[in-house]
Amino acid sequence: MKRSTTAVITVLIALAFAPLYLGAYPLTLLGRVLALSIAAIGVSVVWGRAGILSLGQGLFFGLGGYALAMHLKLVATPRGELPDFMLYNGVEKLPWFWVPFASAPFTLFMVLLLPAAVAGLVAWLMFRRRITGVYVSIITQALLLAFVTWLNGSQGLTSGTNGITDYQTFLGINLRGPAVAHGLYWVTLLFVALALGGTAALLRTPFGAILTAIRDNENRTRFLGFNPAAFKIAAFMLGGLLAGVSGALYTLHLGTISPAMIGTAFSIELVVWVALGGRASLIGAAAGLVLGQLAKDRISSAAPDAWLYVMGALFVLVVLVMPQGVAGLIQNRRTPRPTPAPQNPVTREVSDAV
Amino acid sequence: MPSETVSIATPEPLLDVRDITVSFDGFKAITNLSLSVPKGSLRVLIGPNGAGKSTLLDTIIGKVRPDTGEVRFAGQVISRLPEHRIAGLGICRKFQAPGVLEGLSVRENLLLTARRHKGVLGILKAPTAAEHSRADELLRLTGLTERAAVPAALLAHGEKQWLEIGMVVAADPQLLLLDEPTAGMTAQETAQTAELIHTLAGRHTVLVIDHDMHFVELLNAPITVLHQGQVFREGDLETLRADPDVMEIYLGRPKEAAHAQA
Ligand SMILES: Nc1ncnc2c1ncn2[C@@H]1O[C@H](COP(=O)(O)OP(=O)(O)OP(=O)(O)O)[C@@H](O)[C@H]1O
Ligand SMILES: [Mg+2]
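Analysis parameters
Residues numbered from 1 in each chain as written. Chains lettered and ligands numbered in written order. Predicted model: local features only at pLDDT ≥ 70, side-chain atom pairs only at ≥ 80, totals over all residues. Heavy atoms only, no water. Donors = N, O, S within 2.8 Å, 3.2 Å for Na, K, Ca; no water. Helix = DSSP H or I, 4+ residues; strand = E, 2+ residues; numbered from the N terminus. Buried < 20%, exposed > 50% of the residue type's maximum accessible area, 1.4 Å probe, protein only. Phe/Tyr/Trp six-rings, centres within 6.5 Å; stacked < 30°, edge-to-face > 60°. Lys NZ or Arg CZ within 6 Å of the ring centre and 35° of its normal. pLDDT = per-residue confidence, 0-100. Contact = heavy atoms within 4.5 Å. Near = heavy atom within 4 Å. Polar contact = N/O pair within 3.5 Å; in protein donor to acceptor, adjacent residues only side chain to side chain. Areas by Shrake-Rupley, 256 points an atom, 1.4 Å probe, with all protein chains shown as cover. Nonpolar A, V, L, I, M, F, W, Y, C, P; charged D, E, K, R; others polar. Core = buried A, V, L, I, M, F, W, Y, C linked by side-chain atoms within 4.5 Å. Salt bridge = Lys/Arg side-chain N within 4 Å of Asp/Glu carboxyl O.

Chemist: Go over the coordination of the magnesium ion (ligand 2), please, and point to the residues and values.
Modeler: Residues and elements named next belong to chain B. Here the magnesium ion (ligand 2) is held by Ser54 (OG) and Gln96 (OE1), and the distances to it run 1.9 to 2.4 Å. Note that Ser54 is positioned in helix α1 (residues 53-61) and Gln96 in the loop between β6 (91-94) and α3 (106-114), a separation of 42 residues in sequence. One exposure class covers both Ser54 and Gln96, and it is buried.

This is the structure in structure tokens:
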């Protein structure tokens, strides 16, 4: 087994025993950030491997989170009644898209399907037209903004800025029960392990190689007979799926989901942590997010005003000094790369470069 | 018996470029050009800088689209298909500047291009034993066995050229388009490349662009001369060398021609 794999498994085992050695608050915090790390794994695939910088992952995160929260809210509402916020807003009938979320299996299915399908649609619209680079970042950000604006404006349908809150029971389990904290933590850790293992296995197939090829030289892969759009759509869907799962787990941990939790700040912070950890490495991305969020908790409780400056400084540091993040630094140290062979200047190399 | 006489003597060419015109912002890089290449043949394309040689290949692979005219491959019009579909039909090009996949190792470059199924689901399967042995064979063919694990970005220029030739061959395409394959190679490497192209020519149809007259001589194949986006002459090297017009447009200085003959 590779040394890095052994290290990851060791860390995961150590994390599995965390309930034994961590107090209630640190454990809750750790569970939350582990849930978020699944979205970071998705960013690593989409950005680190496929080269697509999405600044709108909050959209898919939110779809997963809201899908689950709608179900939880319906469960918490007495039979035949409407969720409280609908009553306050004068809604008289359960909106059609709420109805099927009364079913737990449907909801779980939607937590997976909805973010992946929306990501697939967005990706199809963008990559079919060969939109790349900064335009992708702008479009994804704009779609997220549109979603958040719609959530905020649709009080009666989504509870608006307050978000969906006040629910306790999922699959008959009281989420606020004393024993549940550990259970939820372990379930989260299990999902993190599945996401890491599954994604790593996927990227070890030639699918991973073709993503790298597309990131480095999209046109060349096209003339080798691959359709880059198809692979980018697949990668984007995987990123959306992971963000959705992350959002659903996060909703369970926090007992609420609101537009403020999924907006621009969230989506950009996600990208910053992934960049810091190392976007090309799944572990780097996940670890970057976990450690970054833990640091944020510390710093923002000690000196709330300092936090934004710390974030900004970190981002500048990554961009200027270590574009491959901490994981990149570690890898360079382990396998020093020889400098590239000198290249002969070839006439019109630039104009012919594909 | 059909009433019409079907000519069996002249089979349909594998590549048939019919009267294409390609322009960039009003500038015509190719004007009413027709060219056909029979299946299994080796053809050399020469012409001065800016003659439109690379643009012709760009048009064949779908990188640029002709304003008028069409490109046919094995009887099918391909000039409106998406690029990956054209490649999928069995057309592979080596670019003038090496276009290896820099983030992947030499072996991965070959394995990826050797794959039969290039769709999203097909790619998930691990490379087959056949694909692995094909990669080994290509590594030997291109002399890169020792360098198999090296990231392609770290290869020397000549090695990149070889790798790209290997990649182009890996997919086992019917038509190979080689744009200046010997640029940056030593005389010995050039001779090896000529030899390699001869071994390929039986199995594939090959269209080679090059400026190196020594290399062209080694290829010993029919030559098409392009000039200002049009076919200027066709013939063998001897005839073209004896042609003062060709000397003038292509070689410019007759002295150099004399040198090339030595
Ligand atoms: N994408 C492009 N946009 C504008 N002009 C172009 C483009 N590609 C080629 N040209 C022009 O078309 C003409 C033909 O170029 P092309 O690259 O096909 O020549 P070539 O015969 O391959 O030359 P060389 O031997 O230098 O490689 C040149 O004048 C070139 O400047
Ligand atoms: Mg050229």
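Chemist: For the packing of aromatic side chains, give the residues involved together with the corresponding values.
Modeler: All names here are of chain A. For the coordinates displayed, the defined rule picks out 13 aromatic pairs over all chains. Their ring planes at 35° and their centres at 4.3 Å tell us that Phe61 and Phe266 sit as a pair that is tilted. Of the two residues, Phe61 sits in helix α4 (residues 57-76) while Phe266 sits in helix α13 (residues 264-277), which places them 205 residues apart along the sequence. A single burial state applies to Phe61 and to Phe266, both of which are buried. Here Trp273 and Trp307 contribute two aromatic rings whose centre-to-centre distance is 5.9 Å and whose plane-to-plane angle is 35°, an arrangement assigned as tilted. Linking Trp273 in helix α13 with Trp307 in helix α15 (residues 306-321), this pair joins segments that are 34 residues apart in sequence. Grouping residues by exposure puts Trp273 and Trp307 together as buried. Through pairs of rings, three or more aromatic residues link up here, namely Trp96, Phe97, Phe147 and Trp150. The ring of Trp47 is capped by Arg279, whose NZ or CZ atom sits 4.7 Å from the centre of that ring.

Chemist: Tell me about the confidence of the model for chain B, residues and numbers included.
Modeler: Residue and element names in this part refer to chain B. Across chain B, the average pLDDT comes to 87, with 91% of residues at 70 or higher. Of the regions scoring below 50 in pLDDT, residues 254-262 engages in six contacts with residues more than four places distant in sequence or in other chains. Under the prediction, the complex receives an ipTM of 0.84, its pTM being 0.88.

Chemist: Provide a residue-level description of the site of ligand 1, including the pertinent values.
Modeler: Not every one of the 15 residues close to ligand 1 is listed here, only the nearest: Asn49, Lys53, Ser54, Thr55 and His211 of chain B. Proximal residues around ligand 1 fall on chains A and B, making this an inter-chain site. Ser54 of chain B places a polar side-chain atom, nitrogen or oxygen, 2.7 Å from an oxygen atom of ligand 1. A distance of 2.5 Å separates an oxygen atom of ligand 1 from a polar side-chain atom of Thr55 of chain B. Burial of ligand 1 by the protein chains amounts to 72% of its free accessible area of 630 Å². Put simply, the parts of the chain that give the shell around ligand 1 at least two residues each are β2 (27-37) and α1 of chain B. Element by element, the count of residues in the shell around ligand 1 is highest for α1 of chain B, at three residues. The class makeup of the residues in the shell around ligand 1 is five nonpolar, seven polar and three charged.

Chemist: How would you sum up the nonpolar core? Please name residues and give values.
Modeler: Phe127 and Phe236 of chain A together with Leu112 and Leu163 of chain B are the most contacted members of the largest nonpolar core, which totals 153 residues. In terms of residues, this core owes the most to one element, helix α3 (residues 24-49) of chain A, which gives 14 residues. Beyond its immediate sequence surroundings of up to four residues, Leu112 of chain B is in contact with Pro206, Ala209, Ile210, Ala213 and Phe226 of chain A together with Leu101, Leu104, Lys118 and Ile123 of chain B. Leu45, Ala51, Phe73 and Ile91 of chain B belong to the second-largest nonpolar core, a separate cluster that totals 29 residues.

Chemist: I'd like a rundown of the pattern of salt bridges, residues and numbers included.
Modeler: Residue and element names in this part refer to chain B. Enumeration over the complete set of coordinates arrives at 23 salt bridges over all chains. The shortest N-O distance in the salt bridge between Arg65 and Glu83 comes to 3.8 Å. Within this pair, whereas Arg65 is found in the loop between α1 and β4 (68-73), its partner Glu83 is found in helix α2 (residues 83-88), the two being separated by 18 residues in sequence. Note on Glu83: relative accessible area 7%, which makes it buried.

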